[in-house]
Structures are given as structure tokens and as C-alpha cells.
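Residue strings, one per chain:
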Amino acid sequence: MLLYLASQVLGHWSMATLNATVMWPANAIVLAALLQLRRHEARGVLIGCTLLNLAGNILRGDAPLFVVTNVTLNLLQVVVAALLARRLCGAALDMRRPKRLFRFAVGAVVPAVALTTVLAGLIAVVSNQLPLGNLAFRLRHLFDMELLAMMMITPTLLLVARNHRFRGDAKVSPVEFVVLIGLVTVAALWAFCQSLAPILFIVFPPLFLLAFRLSPPWTAGAVILISVISATATLTGHGPVTMTRLAYDPDLEAIPHVMRQMNVLHLFLLAVVATALPITTLSTERRRLFERLRVRTEAALCALQRAEKSDAAKSRFLAMMSHEMRTPLTGITGYTDLLSRRPELDAEARRQLEAVRQCSDAMLRLIEDLLEVSSGNVEVALKPVEIPVLLEEALAPAREWAAVRGLDFVLTVGPGAESAALTDGRRLRQILHHLGSNAVKFTGKGGVRILVERIDDRLRFAVSDTGCGMSEEVLAGIFRLFEQADATTSRVHHGAGVGLALAKNHIDRLGGTVTVESVQWKGTTFTVDIPAPTVESVRTAEAAPLEQRRMRVLIVDDHPSNRDLMRIMLEAVDCETAEAGDGREAVEAVATGSFDLVLMDVRMPVMDGLAATRAIRALDGPASAAAILAVTAEAMPEDVARCLNAGMDAHVAKPITQVRLYEAMNRAMEVAAVRTDDAQAA
């Protein structure tokens, strides 16, 4: 209300002393109050300012008609502008949103000022208070004054009132702040303290620089500073505005010369407002968006780091679980395999041992499936694979289970499909294993038929059974993880619902397709089609026999039961064995003894198997060339890669059987022989 009173006094003084006024800020001040204050506070300010307006008009001695119409039109203009602003710009004008500033100007200020200007013109015509010859000029002058005030004063007051929103914006040094304000002041004084050249444009470069660098409140203050300098100079007869050439118009002779020139100043100040305020709001919006982007980027990086740490922890957990679950299974599977080979066992004992073996195999398959699902999508490793060998390995458990259940199990390999192919043997082996086991599990009578065909550079596997089949509802979810056809407590078929989901994942990773045809109570056929180009056979010649002596093998494992198991398996083929409980003992044993093969565990105290292998390879003499086979519960693909990179010749995952151990020993000896030949040739 004090600002309103001061603006009224200043306006009346300007008209009485200089016969002109640049703008009429009173209504703009009331509008800012309505947009900023609470409803009851704004209502009080509106009533108080209306009374001040009425009192000022009466004290000035205006005609009763003017007193009433002036107060009414001012009140109408403020209320209409406030309602439109709240409707179009939200609860209040937010200078951080350029769109809202534009809506405020075009959608609220211009209509409100235009409405009251038109009404004022109509009242003047009806009451015959003004000559018709200069009515258009006076209405335009009135429109310009009111519009300029609302476009300049209202946003400035709102920005000052909400200055706390911009405290973190445009942080410049005090020196830069003083320099920018000084440049704007100097440019404005230079342009308006001379009347020789129309250099109004000189104000804009420093103003634009200030608008980009400082916050909106300071930019609005700079606009007010320019308006004060330009208005003072123009009203006192200085500056380029006074150089305006006016055409002779007898209807406007009664109007002061400076008032007629005021249109140019209004246009200049509107140009200043229309450029500086949008620039500063856009700059503020840009800085705000950059700050938001910075915060979100930091949050995303933190989330990425947490995800990486979580993934690393998950990998460590999987590796630990794989090791800890395979270690006890090694003893169960290995000792069961050894006991089953003893000739003195009767039929009942063999049946019981076979039941233990089947349970341990089922547990091992479940562990491997769950670890495979949890480990994520390991990269595909394409290598030449002997398809007949792979089929035998993948389908052996299903064939045995079919024989136990009295089912027919027929494997047919078509022409061309029996040759070696380029594919990921591990993934293809698991695909066929899960499909074959699944077919046997859901077949009560009849049998399972597997057909393998080659079609150009692709292999097609059709796994058909005569089992219970599936309904459309079950078919829709068979490849979902942990999905089961019957999840009730009375279900007949057991399983975790992992096999088909894992097989589907492997098929997708290999770039293949799978289709399912099923008729309930008649059977199901899974057809898998994967890329597998034909390659040369990878079969190697039988390994040359060792020298005519017993093979010396060093068994390295921190679990005594595992060492005992492998010792028994090796003694069965007349191997001479020695034992070490950790990697350091293994290095010392290899350095002092002559071993043909080292069976190396990986996870051990004192020195792990990887470090021990590197130390052995660093020894002098023939001891460094000993064949080293990783016999470990670390069975993930990355574990195999670490073992080979450390210098081991082959890898076999626990639990082991005699057959698997002997095959892995042969592979390790063959690789070691090739490595030795290459070293000698070099």
C-alpha cells in the first residue's frame, strides 16, 4: 500500500509538473499483491488501495464522474488480470517457467488493459469529456502506460518477493556482478544523456549479457534501472527519444510535445521487457534443468555403482554356493560310484546305491540349473562340437530314466547331422538334456523319440513323447521361470520349473527357435532349430601311452575326504599318488618331486590353486611343464576361464566320477603334451 501511495503521488506530480507520465504503476502494484499474498491479505490490500485511489481523486478535485469511473476501471483491470493470471499461469506467476510468463503477458495483461481502455473510451465518448480528434491518441497512450507498467512492475515485485527461489541460481562473483550492473548503467546513460544520435540499441548487448549471467530478480532490477534513466532523460528533454520527428496534426496541438514522443519510449521499454525477461527466464530454466540433470546423473551413477556392487556380490555368492554345494556332492557321488563297482555287493545293496546315485545326480542337476539361471546371460562360446558325443552325454540320464520306467527311448540321427558342428556345446547339451528329461518325466507309457536332422547350416531337434500333453493354458506359460503344469501339493510330477525356462534362454542366445505342438492325453513335440554350420571333425587320436612306469599324480585338495576319494580312483588304474593340503605344499612337492599330473583344487587356504599353478609354471626345469588339471567345485564358465588363464591344462567340475576324472586326465595330458612340443619347437 505504501508503494501504491508513492506511485500515485509520483504520477500526479509528473502530470502536474512535466505534463506527461511514462507509465502508471499503481495497478501493477495491486496486481502483484493479489498474485503474491494470501486471499484475506490480498483482499485487504485491494480495499485499501481502492480507498487511496478514491481519496486521491477527490483531493485532486476531479469531476465526480471521473472519480467513480477511474476507481471502477482500475479495480476492474486488476481483478480481471489477476483472475486470468491465476487461471492461465497457476496459483501465481512463476518466473522460472518461460511459458507462464508468456501466458501472463498475452493471456492476462493484454486482455485486461485492452478491456479497461475500450471501456474508458466508451465512457469518454458518451460523456463527451474528450475531443474526438485526439481520443485515439489518448487511448493508445493510456494502453501503452498501463501495459508497460504491468509488464515491468508486476513481474519485478513478484521476483523480489520470491527471491529465495533463485538463491542458488547464477552464482557469480561480486566483481562480475558490479561489472555487469555498471555496463548496463553506462550504456543507458550513454544512450539517454545525449541528443545527437539515435543509439538506443547500445543498451541491449550489456543487458543481454546480464540476463544470461544473473538471476531473474537482478535482471528485472536492471530493466527498472533502464526505465528510470530513460524516462527521466526523456521527460527532461534529453535522449534520442526527443529527436523523434512528429508530423503536424491540428487535433494534437493541445497535447504536450513530450507526450506525443512518449510512444517511442514506450515501444523501447516494451522491447527491453520483451527481450530481457524471456532471456533471463530461459537462462534460469536452462540452469535449473542442468542442475536437475546433474543431480539425476549423480543418482544414476550411484545406482549404477550399487548395481555393480550388488552384481559383484551376487557373483561372489553364486561362486561360493556353487563351491559349497558341489563339495559335499563330490563325496556322495564319488564314493557311490566306487562302491557300485565292488563285486561283492548283492542286488539289494546295488539297488540302494543306485538310488543314492540318482538322488545325487538330480540334486546336482538342480543346483546347476539354479546357478545357471542366477548367473545371467553368459556370452555364447562357439566351438567345434562332435554332435554324436554331445547327444550321448546330454541324453544319457533321460535314457537311463526311461529304461527304469519301462519306456521306449529312440534316438535317430539323420544324414549329415552326425558330423561335427560349430555351436556352443554347453548350451546345446543343456537344451537337449532338459527336453529329453522333461519328455521322460511326463510320459507314463509308450516312449520318447528324438529325431536330429540337418537342414543347410542349421540343426533341428524334434523331441516327441506319448505323455499326458498340455492344455492351451499350460502351453502359454511353459517357458516361464518356476512355472509348473501342476503346482498343487498333490501333483504327480516333480520339478522346480527351471528346465524349460533355461532351455528357452539357451535357444534364444544361440539364435534359434523352439515350437511346441501338444495334444492333451496324447503327447507333445518340442522342435528346436538352431544355427550350427558343419565343421571338420574334432576327434583326436588316442593318446600315446606313458613310459613303461607307473603314472605319478599329485592330489591337491584341502578336504581329506576328497583327497581320499581321488586316491582310491587313481589307485584303481595303478597310479602312484601323493597328497598336498594347500597350494604352498603343492608347489614345494612339485619342485622337489617328479609328477606327471597335478590334480589341483582352486579354493584352498594359505595359497589357492590359481596362485599355486602360476608358481609351478614359474619353476625352473621340467617341473614347470607338469600337466595340471583343475578339479574344483568352481564350475561357472568364468571359473573355467580363470583356471586356463592361470596355466592349467584342463578343468573338471566336482562332483566327479571315475569316468569323468579319467576323461579329464586324458585331456590335460594331451594339452600338456602339445604345450611341451610347441615349447621345444620354439
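Here the structure is shown first, and the text comes after it.
> Account for the sheet that holds strand S5 (residues 458-465), with residues named and values stated.
With mixed pairing, five strands are arranged side by side in an open sheet as S2-S4-S5-S7-S6. With one partner strand each, in any of the chains shown, strand S2 (408-413) and strand S6 (513-519) form the two edges of the open sheet. When the angles between neighbouring strand axes are averaged without regard to direction, this sheet yields 10 degrees. Where strand S4 (residues 447-455) lies against S5, eight bridges are found, and the strand directions are antiparallel. Residue pairing in the sheet places Ile455 in a bridge with Arg458 of S5. Across the sheet, helix H12 (residues 387-405) is in contact with S2, S4 and S5; its angle to S2 comes to roughly 170 degrees.

> Just give me the short version of the pattern of salt bridges, but keep the residues and values in it.
As enumerated under the stated definition, the model contains 23 salt bridges in all. Through salt bridges with shared partners, one network takes in Arg563, Asp564, Arg567, Glu571 and Glu579.

> Describe the packing of helix H2 (residues 26-36) against helix H4 (residues 64-89), with residues and values.
At a minimum axis distance of 9 Å, the contact between H2 and H4 shows a crossing angle of 40 degrees. Here H2 lies oblique to H4, going by the angle between them. Along this stretch, H2 crosses H4, giving a crossing that reads as right-handed. In this structure, H2 uses Asn27, Val30, Leu31, Leu34 and Leu35 to contact H4, whose residues at the interface are Asn74, Gln77, Val78, Ala81, Ala82, Ala85 and Arg86. Taken together, the residues that form the contact of H2 with H4 break down as eight nonpolar, three polar and one charged.

> Account for the packing of aromatic side chains, with residues named and values stated.
Using the criterion set out here, one finds five aromatic pairs in the structure. A ring pair is formed by Phe177 and Trp218, whose centres lie 4.6 Å apart and whose planes are at 70 degrees; its orientation type is edge-to-face. Of the two residues, Phe177 sits in helix H7 (residues 174-192) while Trp218 sits in helix H9 (residues 216-235), which places them 41 residues apart along the sequence. Note on Phe177: relative accessible area 23%, which makes it partly exposed. Classification of Trp218 by relative accessible area gives partly exposed; the value is 45%. Counting every residue linked through ring pairs, the aromatic cluster contains Phe192, Phe204, Phe208 and Phe268. Across the ring face of Phe595, the terminal group of Arg552 is positioned such that the distance to the ring centre comes to 4.5 Å.

> Quick rundown of a nonpolar patch on the surface? Include the residues and the values.
A surface patch of nonpolar side chains, amounting to about 370 Å² of accessible area, comprises Ile47, Leu51, Leu54 and Ile58. Summarising the element assignment, Leu54 is placed in helix H3 (residues 39-59).

Cut-offs used in this document
Residues numbered from 1 in each chain as written. Predicted model: local features only at pLDDT ≥ 70, side-chain atom pairs only at ≥ 80, totals over all residues. Heavy atoms only, no water. Pairing = 2+ DSSP bridges. Helix = DSSP H or I, 4+ residues; strand = E, 2+ residues; numbered from the N terminus. Axes fitted to C-alpha atoms, helices over the stretch in contact; angles between N-to-C directions. Contact = heavy atoms within 4.5 Å. Salt bridge = Lys/Arg side-chain N within 4 Å of Asp/Glu carboxyl O. Parallel < 35°, antiparallel > 145°, perpendicular 65-115°, else oblique. Left-handed = near helix turned anticlockwise from the far one by under 90°. Nonpolar A, V, L, I, M, F, W, Y, C, P; charged D, E, K, R; others polar. Phe/Tyr/Trp six-rings, centres within 6.5 Å; stacked < 30°, edge-to-face > 60°. Buried < 20%, exposed > 50% of the residue type's maximum accessible area, 1.4 Å probe, protein only. Lys NZ or Arg CZ within 6 Å of the ring centre and 35° of its normal. Patch = residues over 30% accessible without salt bridge, like charges linked within 9 Å, V, L, I, M, F, W, Y side chains within 5 Å. Areas by Shrake-Rupley, 256 points an atom, 1.4 Å probe, with all protein chains shown as cover.

Everything listed here is a matter of geometry and, on its own, says nothing about what the molecule does.
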